[in-house]
Structures are given as structure tokens and as C-alpha cells.
Amino acid sequence: MARMALLVSPELCIGCRGCQSACKEWNGLPAVKTVNRGTFENPPDLTGADYNRIRFMEVPSAQDAQRWLFVSQRCMHCGDAACMKICPSSGALFRAKNGAVVFDKGKCIGCKLCGSACPYGLIRFDQANKVSKCHLCHDRTEAGLTPACVKTCPSGALKYGDRDKLAAEASAAGYSNLYGEADLGGTGVLYAFKDSPKVYGMLQNPAFPAEVHFWSGIKSLAYLGLGATVAASALHYLVIGPHKEEGEEVKKDE
Ligand code: SF4
Ligand code: SF4
Ligand code: SF4
């Protein structure tokens, strides 16, 4: 299967936040109480019950008194995912066929290492401390449906499809910056920008934190250790034969 992606075009977004509601509804996520902060932006951050949100930004503009930017935020579905590298529980975070980074709460042990490893700081946890984030609508896409947020978006600000084709379309439409194209193995969420990613409040030069290399090294050593133990046991069985209890030997001697 070709690598799929979600293309975000903030210039087309009208800030209706239908994508937020669709995500909550599809994933059965509970409402989280917030307060009026004097802005249309709500919630103020991603949470274990908010897998996506629209960041409302007001930036200076040459033409208008102010320029509104509505920037969708969710897991980037990195091609080289720090969260997967650091996770000590096999299968808690895994790569779906379409390239998405998906979670299995049943296998998550709640250690939160992925939260500190994510270069973008985009992982959240539910009330049981289990990993909780955008999964690129793994359940819908496996059934041939588009992600719920994309299906709902009325303005075409969110698109889902073949990653290479979406990138080519964005470039043909005149967007000079394709954020995420080459970062961290190429991200599964791409942003079509007219200006520098900095204007849209995006992280510059995302990179793995040092602890990811440390912990993934420990994991490899642990797997190597486990492999060596299994190999030694197999060799022992072949050369010496099956293990016998002390009593068995005594009986034979008698
Ligand atoms: S953005 Fe963070 S949570 Fe999402 S795949 Fe990348 S490292 Fe994992
Ligand atoms: S892709 Fe699915 S899980 Fe991710 S933000 Fe959109 S609706 Fe939510
Ligand atoms: S549904 Fe589309 S237009 Fe509405 S806020 Fe979300 S991305 Fe923007």
C-alpha cells in the first residue's frame, strides 16, 4: 500500500472546528470543560480527549489590519517515530499499513515515555494514563473510509490521500513550503504553507531528544540479551539434552 497522508492547508481553513467535533464524535471522546479565555480558540491544548484542535493565530499583514490563521494540530505520524522507538511495551504503538502511528491501549503500560520523546510534544494521555492521540482514523481508513475530520471539513482545508500525490498537488497549487515533507523520515501529516512555517507557529528543525537514543539502545540490548538467553537454552537442549529434576536422577541411580 502506498504511504498515505493528511494534507492541512491553513489558508483554506475557516476556523469552524467541525474537524474537532467530528473527531470527538467518531472516537467517542468525552467533553472537557474549558473557560472563556477571550479567544475563539478552544480547547487551549490537545488533551487525552481532544485528538485534534485548531490553533487560532492573529498575525500582522501588509494588506489587512490583521490576518487570521487557523492551523490544525494533531500527531504528525512521523516516518521515523520517536514515540515508537522509545516505547518499551511491544505493540502499544505500531505502524499501520497506510503509514499512520497507531496505539493499542490494551498494551500501553502508562509509563509516558512516548510523551517525553515526541519531538513535537503532541502525545497526551487519558484518565487511566494510557496513550491517547490522533490515529489517523485507523479504523475508518482500514474500512476504505476517509478520516472523520477530513470527511467533515467543508472547505477542503483537510485532505487525505496518497502522500506523493498530495505533495505534488500542494506544490502545483502554489504553496511554497510543504512542512513535514522531509522531517523525521517524512511526516504523515503535511502542511501547505504560503509563508515560512515560523509564521504558522510550527516547530523548526524537529529532532529526537537524547533520551530516545538512550532508551532505544537499552531496548536493543534487552532484546539482544533475551535472544542470547533463548539461543543458549536451545544449544543446551541440543548438546546436553532436556533438563532433569534432581529427583529424576536419584531415581535412575537407584
Ligand atoms: S508526532 Fe509525536 S506522537 Fe506523533 S508519531 Fe511523531 S513522535 Fe509519535
Ligand atoms: S484523523 Fe481521526 S483520530 Fe485523527 S484527528 Fe482526524 S478524526 Fe481524529
Ligand atoms: S473543519 Fe476544516 S474548515 Fe473547519 S476548522 Fe476544521 S480544518 Fe478548518
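Rules of the game
Residues numbered from 1 in each chain as written. Chains lettered and ligands numbered in written order. Predicted model: local features only at pLDDT ≥ 70, side-chain atom pairs only at ≥ 80, totals over all residues. Heavy atoms only, no water. Helix = DSSP H or I, 4+ residues; strand = E, 2+ residues; numbered from the N terminus. Buried < 20%, exposed > 50% of the residue type's maximum accessible area, 1.4 Å probe, protein only. Contact = heavy atoms within 4.5 Å. Areas by Shrake-Rupley, 256 points an atom, 1.4 Å probe, with all protein chains shown as cover. Near = heavy atom within 4 Å. Nonpolar A, V, L, I, M, F, W, Y, C, P; charged D, E, K, R; others polar. Salt bridge = Lys/Arg side-chain N within 4 Å of Asp/Glu carboxyl O. Lys, Arg positive; Asp, Glu negative; His and termini not counted. Pairing = 2+ DSSP bridges. Axes fitted to C-alpha atoms, helices over the stretch in contact; angles between N-to-C directions. pLDDT = per-residue confidence, 0-100.

Chemist: Tell me what's going on with the overall build of the chain, and back it up with residues and numbers.
Modeler: Each helix and strand counted, the chain has eight helices and 10 strands in total. Split into buried and exposed, the 254 residues of the chain put 44% on the buried side. In the chain, of all internal contacts separated by at least 6 residues, the share reaching a separation of at least 24 is 58%. On the chain, roughly 13,800 Å² of surface is accessible, and the fraction owed to carbon and sulfur atoms is 57%.

Chemist: Provide a residue-level description of the site of ligand 1, including the pertinent values.
Modeler: Around ligand 1 lies a shell of 13 residues, among which Cys75, Cys78, Cys83, Cys118 and Ile123 are the nearest. Of the residues that constitute the shell around ligand 1, the class distribution is 11 nonpolar, one polar and one charged.

Chemist: Please provide a residue-by-residue account of the site of ligand 3, values included.
Modeler: As a structural note, the neighbourhood of ligand 3 is formed by 13 residues, with Cys13, Cys16, Arg17, Cys19 and Cys153 the closest of them. Classifying every residue of the shell around ligand 3 by side-chain character gives nine nonpolar, three polar and one charged.

Chemist: Which residues make up the pattern of salt bridges, and what values do they have?
Modeler: Summed over all chains, the structure comprises eight salt bridges. We note a salt bridge from Arg37 to Glu41, for which the minimum N-O separation is 3.2 Å. Looking at Arg37, the relative accessible area reads 40%, which means it is partly exposed. Under the relative-accessibility criterion, Glu41 is labelled buried at 12%. In this structure, Glu41 and Arg53 form a salt bridge, with 3.3 Å as the shortest nitrogen-oxygen distance. Pair noted here: Glu41 is in the loop between α1 (18-27) and β2 (53-59) and Arg53 is in strand β2, with a separation of 12 residues, a long-range link. Through salt bridges with shared partners, a single network forms among Glu11, Arg67 and Asp195.

Chemist: How would you summarise the side chain of Arg163 if you had to cite specific residues and measurements?
Modeler: Its location among the elements puts Arg163 in helix α6 (residues 163-172). An unpaired buried charge is present at Arg163: no salt bridge exists, and Asp164, the closest side chain of opposite charge, is 4.7 Å distant. Excluding residues that lie within four positions of it along the chain, Arg163 makes contacts with Arg3, Met4, Ala5, Gly180, Glu181, Gly186, Thr187 and Leu190.

Chemist: I'd like a rundown of the pairing of strand β1 (residues 4-8), residues and numbers included.
Modeler: Of all five residues in β1, five are buried; the element is thus mostly enclosed. Here β1 shows no split at all, with Met4, Leu6 and Val8 on one side and Ala5 and Leu7 on the other all buried. As judged from the five bridges shared by β1 and strand β8 (residues 158-162), these two strands associate in the antiparallel manner. Bridge assignment links Val8 to a residue of β8, and that residue is Leu158. Here three bridges tie β1 to strand β10 (residues 189-193), and the two strands are oriented parallel to one another. Across the sheet, Leu6 pairs through a bridge with Val189, a residue of β10.

Chemist: Go over the sheet that holds β8 with me, naming the residues and quoting the values.
Modeler: Taken in spatial order, the four strands of this open sheet run β8-β1-β10-β9, and their pairing is mixed. In the strand order of this sheet, the two ends are held by β8 and β9 (177-179), each with one partner. For this sheet the average axis-to-axis angle between neighbouring strands, irrespective of direction, equals 25 degrees. As paired strands, β9 and β10 are joined by three bridges and run antiparallel to one another. Bridged to Leu178 within β10 is Ala192.

Chemist: Describe the confidence of the model for the chain, listing the residues and the values that go with them.
Modeler: On average, residues of the chain score 89 in pLDDT, and 85% of them are at 70 or above. Confidence drops under a pLDDT of 50 for residues 243-254, and excluding neighbours within four residues, the segment shows two contacts in the predicted structure.

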